[in-house]
Amino acid sequence: MFLTCMETVTKELVSWMRGHESSVFSISVHASGRYAITTSSDTAQLWDLDTFQRKRKLNIRQSVDIQKVFFLPLSNTILSCFKDNSIFAWECDTLFCKYQLPAPPESSSIIYKVFAVTRDGRILAAGGKSNHLHLWCLEAKQLFRIIQMPTKVRAIRHLEFLPDSFDAGSNQVLGVLSQDGIIRFINIETCKLLFEIGGLDEGINSSVISPHGRYIACIMENGSLNIYSVQTLTREINKPPPPLVKVIEDLPRSKLSFSDLKMKVMSGRVQRPAKSRENKIQTRILKRDLTDNFENKENELSDGLSRKRLQILLKGYGEYPAKYRMFIWRSLLQLPENHTAFSSLIDKGIHVAFINLQEKYPIKSRKLLRVLQRTLSALAHWSAIFSDTPYLPLLAFPFVKLFQNNQLICFEVAATLIINWCQHWFEYFPNPPINILTMIENVLAFHDEQLLQHFMDHDITSQLYAWPLLETVFSEVLTREEWLKLFDNVFSNHPSFLLMTVVAYNTCSRAPLLNCNLKADFEYFFHHRNNLDINVVIREVYHLMDTTPADIHPEGMLGVFVALTKGQYPVFNQYPKFIVDYQTQERERIRNDELDYLRERQTVEDMQAEVDQQRVEDEAWYQKQELLCKAEETRREMLLQEEEKIIQQRQRLAAVKRELKRKEMHLQDAARRRFLKHQQNQREMELRRLDDEIERKVYMRDQEIATTTKDLEMRQLELESQKRLYEKQYSRNQEAVAKEMREDADAYRRKVNLEEHMFHKLIETDQSQSLKTQKLIEENLATAEQACIDADWRIQTLHKQRCDDLQRNECYQEVANLLQENRRKEVELLNAMMKAETKKWGEAEEKKLHLTSGKKASALSDASRKGFLEQELSDALEHAKNPLKEAAPRIQHEHVPSGCLTGASQLSDISKMDSSSHISLSRRKLEWDTTGQDLIEKVRNLRHRLTVQARNRCQTPHLLAT
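Residues numbered from 1 in each chain as written. Predicted model: local features only at pLDDT ≥ 70, side-chain atom pairs only at ≥ 80, totals over all residues. Heavy atoms only, no water.

Mind showing me how you'd approach the side chain of serine 496 here?
Tracing the chain through its elements places serine 496 in helix H15 (residues 496-508). If sequence neighbours within four positions are ignored, serine 496 has contacts with Met545, His553, Pro554, Glu555 and Leu558. (Helix = DSSP H or I, 4+ residues; strand = E, 2+ residues; numbered from the N terminus. Contact = heavy atoms within 4.5 Å.)

Explain the pairing of strand S18 (residues 192-197) to me, please; I cannot follow it from the model alone.
On a regular strand, each side chain points to the face opposite its neighbour's, so the side chains alternate between the two faces of the sheet. Sheet analysis places strand S17 (residues 183-187) next to S18, joined by five bridges and oriented antiparallel. Across the sheet, the residue bridging to phenylalanine 185 is phenylalanine 195, located in S18. A loop of four residues connects S17 with S18, the two strands running antiparallel in sequence, and cysteine 191 in this loop sits at a positive phi of about 55°. (Pairing = 2+ DSSP bridges.)

Explain the packing of aromatic side chains here, please?
The way to describe two aromatic rings as a pair is by their centre distance and the angle between their planes. What the rule picks out here adds up to 31 aromatic pairs. Between the aromatic rings of tryptophan 329 and tryptophan 483, the centroid separation amounts to 6.3 Å while the plane-to-plane angle is 65°, which identifies the pairing as edge-to-face. Of this pair, tryptophan 329 sits in helix H4 (residues 325-333) while tryptophan 483 is found in helix H14 (residues 480-491), placing the two residues 154 residues apart along the sequence. A relative accessible area of 1% places tryptophan 329 in the buried class. Ring centres 6.4 Å apart and planes at 40° place the aromatic pair phenylalanine 399 and phenylalanine 491 in the tilted group. With phenylalanine 399 in helix H8 (residues 392-402) and phenylalanine 491 in helix H14, this residue pair connects regions lying 92 residues apart in the sequence. In this structure phenylalanine 491 comes out as buried when scored by relative accessible area, which is 1%. By the ring-pair criterion, three or more aromatic residues cluster together here, those being Phe342, Trp382, Phe386, Tyr391, Phe411, Trp425, Phe426, Trp467 and Tyr569. The ring of phenylalanine 70 has lysine 68 lying over it, and the distance from NZ or CZ to the ring centre is 5.2 Å. Just above the ring of tyrosine 99 sits the side chain of lysine 141; from NZ or CZ to the centre is 4.7 Å. (Phe/Tyr/Trp six-rings, centres within 6.5 Å; stacked < 30°, edge-to-face > 60°. Buried < 20%, exposed > 50% of the residue type's maximum accessible area, 1.4 Å probe, protein only. Lys NZ or Arg CZ within 6 Å of the ring centre and 35° of its normal.)

Honestly, the nonpolar core in this entry has me stumped. Any pointers?
Where a protein is soluble and globular, its nonpolar side chains tend to be buried together. Within the largest apolar cluster, 103 residues are counted, with the highest numbers of intra-cluster contacts made by Trp382, Leu470, Phe474, Trp483, Phe487 and Phe491. Among the elements that make up this core, the one with the highest residue count is helix H9 (residues 407-420) (ten residues). Beyond its immediate sequence surroundings of up to four residues, tryptophan 382 is in contact with Leu345, Phe411, Ala415, Ile419, Tyr569, Pro570 and Phe572. (Core = buried A, V, L, I, M, F, W, Y, C linked by side-chain atoms within 4.5 Å.)

How do you make sense of the sheet that holds strand S9 (residues 87-91) when you look at a structure like this?
Neighbouring strands of a sheet are bound in pairs by backbone hydrogen bonds; such pairs are parallel or else antiparallel. Spatially, S7-S8-S9-S10 is the arrangement adopted by the four strands of the open sheet, whose pairing is antiparallel. The two strands at the open ends of the sheet, each matched to only one other strand, are strand S7 (66-71) and strand S10 (97-100). In this sheet, neighbouring strand axes are inclined to one another by 20° on average, regardless of whether the strands run parallel or antiparallel. (Axes fitted to C-alpha atoms, helices over the stretch in contact; angles between N-to-C directions.)

Just to check I follow, could you spell out the packing of H8 against H14 for this structure?
Packed helices, taken two at a time, are described by the angle their axes make and the gap between the axes. Contact pair H8 / H14: the axes reach a minimum separation of 13 Å and the direction vectors enclose 105°. Relative to H14, H8 is oriented roughly perpendicular. Every residue of H14 that contacts H8 at Pro398, Phe399 and Leu402 is listed here: Arg480, Trp483, Leu484, Phe487 and Phe491. (Parallel < 35°, antiparallel > 145°, perpendicular 65-115°, else oblique.)

Can you walk me through the environment of arginine 56 in this structure?
Note that arginine 56 resides in strand S6 (residues 53-59). On the accessibility criterion, arginine 56 (42% relative accessible area) is partly exposed. Separated by ten residues in sequence, arginine 56 and leucine 46 have C-alpha atoms that sit 5.1 Å apart.

Help me out: how do you make sense of the sheet that holds strand S21 (residues 225-229) in this one?
Taken in spatial order, the three strands of this open sheet run S19-S20-S21, and their pairing is antiparallel. The open sheet has two edge strands with one neighbour each: strand S19 (204-209) and S21. The sheet shows a mean angle of 25° between the axes of neighbouring strands, taken without regard to direction. Two strands pair when backbone bridges link them, and S19 and strand S20 (residues 215-220) are joined in this way by five bridges, in the antiparallel orientation. Residue pairing for S20: valine 208 is matched across the bridge by alanine 217.

Is there a simple way to think about unusual backbone geometry in this case?
As a rule of thumb, non-glycine residues mostly have phi less than zero, and peptide bonds are mostly trans rather than cis. For lysine 141, which is not glycine, the phi dihedral falls at a positive 60°. With respect to the secondary-structure elements, lysine 141 resides in the loop between strand S13 (132-137) and strand S14 (142-148). The exposure class of lysine 141 is partly exposed, given its relative accessible area of 33%. Not every positive phi belongs to a glycine, and phenylalanine 474 is a case in point at roughly 65°. Turning to its location among the elements, phenylalanine 474 is positioned in the loop between helix H13 (467-471) and H14.

Okay, structure coming up:
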């Protein structure tokens, strides 16, 4: 991003100012017009408007953006406001941080967006997206008031204080533009709403107040531009209260006398606003004079000021207040501020006489030079004589420097000065005004004849002791403060006051002037500052104004003050026109001749420059050719040297390659041996791990079998105890026995289901173990095949590099033998796997047969139990009907105990594991002792068979390891 500075008169580009990376949203100019601050979201930069160069740059953290950076009025302080509500004050010259405002209270949740400062720079108003306003006292550096706007206000878009000419810059009225498009003007002291402009139907987008606070320009939402008069808006507010009690004495019809023109105003008690502490009004007697009535009309100025009161104030303090000096000067000079007429003069551009002004009057500040050039051009366009007046830049420069930010005022002050205080200066043009200098000499002769005689003795005329002071309006011999104090008095008095000032300056300096004897000393004295008190000079001027006789007083020869006319400027022709026209024609002729000479001279210089350029180019071409030839020879020699270096490098590279090849072969051989050793270690570890696994499984099976044996023994004991218990219960209650038998039958069925589930799980575990073993064999076989292939490839590569064609045939034979050996081993391995597979299938068939026989035995056992229960139930029913028939059935079944059903279930479980036993336990009808011995024997047989099967399963991993 960049900024452009344009010339408003010529519409030309003055300068480019680069440095911003994001868009610029704020520009603030110092009161002197020398510096400017441009602000973007990430940085603020300080520019020197005289050189259009960046002076300083304000960098910030990435997390906090800049809200606004601006100058405080009438001070060298820069105020920077950030989006985290932090506000810093910086010194403009040194950029030293003067202070930081404290953080606002947490209860007021407001993010500052807009700011406004009073003209005296003492109060800062801040607002944002809230209906609260914060007022900061910049002198005390604290928040002294929070103003709450009406509830309709939700956000504040713009703040601006309303200027007042009589409040010394401490503005009390603040304009607040809210989101509803209405500007509300409030008094920050009383916090009262004074008036408002805009509305919901006619909203305001933006506004600006004129510097004197007379008008408000607003851009409406519909695109129109409205200008409001502040005087009309505040008419009701500033309306003075009517007099309460008046006593007026009527004048007689005859001639009015001075003593009769009296007015007595009396007052009584009135109801005043709450802010007044007293309700009594003092009585004043006002007198009027007829003569003063007419004089006051002349002394009354356009802004309501009185010239006489200003003169009294000036005599009391010696100067006007610095804050109001410009305002008082404009009122004294009654400037019309003809914007249209001045614009027409400016639009004519820079006058030809002042195009090269910087050559004769070099000024460091480019801005000041442009303003001076523009002001002199406007004066020259206004009157032709000013284009040939040599001392006009000296005369206008002090006012240009003072009013450089307002060129209209600068022009009108200079024009008013020329019309009134430069009367009769141009009658002897182009010579100095002899008549004016004669007036000064006459006054000097009357008041200080000795000093005038000293000037005459040393051939010093008024053109040396008076004219340098007049043509520079004392700017060379006075400081800025002294010059301003002097012209406070000059503008407040008759135009002859300036001539009397020249006489007073000489008379007050008579001591050093009487000591000067050389003309150069006099010239130096009147062109440089001297040790002289300006207050003494001004008092002497007033003394001369009062004591000079009327016949030689310049007041009788000069006219009274005449202000510039409004609308158009008056015609200025108080000069010998024929001389000016002749000089103008001669200067124009000389200027044209000079332009023709310059054009011819420029043409000759261009031709000479072309010839010189051609000669330089020819010499450069020949020198370049010589340098090319030398460079070619040099490069040929360099090529030969490089070729020799390349040959040597190739030889060294070949040796290095051979060495690397040897090291590579050595490393490959070592890696191969290391890999083989590693593979052998891994296989040994795998075999040890398999042996440990086998031993662990055998140990676990032995433990399980021993546990099962103990459980069976305990079960046998339990069966015996249950047998005795059942016999007791059977003898006591036959019905309880039947119920117990049904519960035992249910428990038996659950146990049968559980054992069947365990048996199936055993079969599945065995099958999964077979699959894992087979998968392991296949993986080992694939690994062995890959290892053989890798070994063959390495052997072939090694023999191919080291042996010739005859050795290759032998290697091929060896490889063929190895392949045959591998095939033989593969066949043996496959045969072993097929045998293992056949054995597994046999075991699976055997287990299937066992399962089928077990199911048949279970079915027979279930049928026998069912028949037994039915028989017992029928016997119970018959016994219930006929208890006397109990003996015969009891003898028949006394050898079958009540716990036989539980024992039969145990024998049925054992019969599932024994493939040779398929007879139902209920049919054997064995005694309990015999049954327990058979059961122990069957458990031992089962343990032996499981051990044999485990050994058979482990044969395949051993075969693979072998």
